[in-house]
Amino acid sequence: MQVIVATGNAGKLREFTRIFAPFGIEVVGQKTLYPELEVEESGATFAENAFLKAQAVHALSGKAAVADDSGLCIDALGGRPGVYSARYAGEDTSYPEKMQRLLEELKEVPQGKRTARFVSHICFISEQGERIDAQGVCEGEIGFAPAGENGFGYDPLFYVGERSFAQLGGVEKDALSHRGKALRALVEQLEQLYTVDGAGEKR
Ligand code: IMP
């Protein structure tokens, strides 16, 4: 099975490729097919934005499409940056800058109160137009300084136990991450859709 991933984010695309591979799902990135496509993320929730992205690619291609909308929700900031994680501190700021800004906002918040979670909402639309949604959450804490070189986005600031996401190998991150959980939950639902149709036949 082949799926178009509705993202221009190379970090996300690497994770989709790695997480789907054991299930025999091959991915094609949106940028390869539609380099100019920009979908406005005008929704108020992760679910709405994931749908907007998957729907845009499905409408253009007529093929199976999948999108992730995700973000970092920090308790001490009332859940921010949340759906605005990619736009936090301005769309064109680098991640080192965004992380410095977050550290500044959290400078009075002590260890133990720096709890946060990454949330991923996945929306899949089959070639025939059926929609499947799945979610994954990973609980952690915001560190006091970025650490690690792996991953993307806010990974160097997000700690699960002693190590930041950016200090984990890719497969280790996938086992714990919001996106890993959401994509495995999606695959469980896809297995229902694609192995058993109304007549019990494989699609
Ligand atoms: P969006 O889903 O395109 O709105 O972007 C989600 C944003 O949330 C990313 O650009 C990152 O800033 C952040 N994010 C989501 N998942 C991760 C992750 O696994 N690691 C680091 N940052 C992430």
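Time to look at the overall build of the protein. When you go through the protein residue by residue, the secondary structure sums to six helices and seven strands. Taken from N to C terminus, the helices and strands of the protein fall in the order β-α-β-α-α-β-α-β-β-β-β-α-α. Scaling as 2.2 N^0.38, a compact globule of 203 residues should have a C-alpha radius of gyration of about 17 Å, and the protein matches this with 17 Å. Overall size of the protein, expressed as C-alpha extent along the three principal axes, is 60 × 30 × 25 Å. When the 203 residues of the protein are sorted by exposure, 45% land in the buried category.

With 16 residues, helix α3 (residues 46–61) should cover 22 Å at 1.5 Å per step; its first-to-last C-alpha distance of 23 Å lies within 8% of that length. Where α3 is concerned, the buried positions are Phe-46, Asn-49, Ala-50, Lys-53, Ala-54, Val-57, His-58 and Ser-61. Buried residues of α3, seen end-on, are gathered within an arc of 160° and therefore sit on one face of the element. Where the residues of α3 are buried, they touch β1 (2–5), α1 (10–20), α2 (30–33), β3 (65–74) and β4 (115–125). Two residues or fewer after α3 comes Gly-62, characterised by a positive phi angle close to 70°.

A word on unusual backbone geometry. In this chain, Arg-80 is followed by Pro-81 through a cis amide linkage whose omega measures -5°. Phi is positive for Ala-89, which is not a glycine, with a value near 60°. In this structure, Ala-89 sits in the loop between β3 and α4 (95–105). On the basis of relative accessibility, which here comes to 25%, the residue Ala-89 falls in the partly exposed class.

Within the structure, the ligand sits among 19 residues, and Lys-12, Tyr-95, Asp-155, Lys-173 and Arg-179 are positioned closest to it. A distance of 3.4 Å is found between an oxygen atom of the ligand and a side-chain nitrogen or oxygen belonging to Lys-53. Here an oxygen atom of the ligand and a side-chain polar atom of Tyr-95 are 2.5 Å apart. Contact with the protein chains removes 95% of the 490 Å² of surface that the ligand exposes when unbound. For the ligand, the cavity whose grid points lie within 2 Å of the majority of its atoms is the largest pocket. Of all the secondary-structure elements, those providing two or more residues to the shell around the ligand are β3 and α6 (178–195). If you tally residues by element for the shell around the ligand, the top one is β3, at four residues. A per-class count over the shell around the ligand returns five nonpolar, six polar and eight charged.

Once rolled over the atoms, a probe with the size of a water molecule shows which space is left empty. Taken as a whole, the largest pocket holds about 1,000 Å³ of empty space. Considering the residues around the largest pocket, the lining is formed by 38 residues, among which Thr-7, Asn-9, Lys-12, Glu-41 and Ala-86 are closest to the centre. Those elements that place two or more of their residues in the lining of the largest pocket are α1, α2, β3 and α6.

The rules behind the values
- Residues numbered from 1 in each chain as written.
- Predicted model: local features only at pLDDT ≥ 70, side-chain atom pairs only at ≥ 80, totals over all residues.
- Heavy atoms only, no water.
- Helix = DSSP H or I, 4+ residues; strand = E, 2+ residues; numbered from the N terminus.
- Rg over C-alpha atoms; globule rule 2.2 N^0.38 Å.
- Buried < 20%, exposed > 50% of the residue type's maximum accessible area, 1.4 Å probe, protein only.
- Expected span 1.5 Å × (residues − 1).
- Arc of directions from axis to C-beta.
- Contact = heavy atoms within 4.5 Å.
- Near = heavy atom within 4 Å.
- Polar contact = N/O pair within 3.5 Å; in protein donor to acceptor, adjacent residues only side chain to side chain.
- Areas by Shrake-Rupley, 256 points an atom, 1.4 Å probe, with all protein chains shown as cover.
- 1 Å grid on protein atoms, 1.4 Å probe; cavity = no way out; pocket = protein on both sides within 12 Å on 5 of 7 lines; lining within 4 Å.
- Sits in = over half its atoms within 2 Å of the grid points.
- Nonpolar A, V, L, I, M, F, W, Y, C, P; charged D, E, K, R; others polar.
- Points joined across faces, edges and corners; volume = space filled by probe spheres on them.

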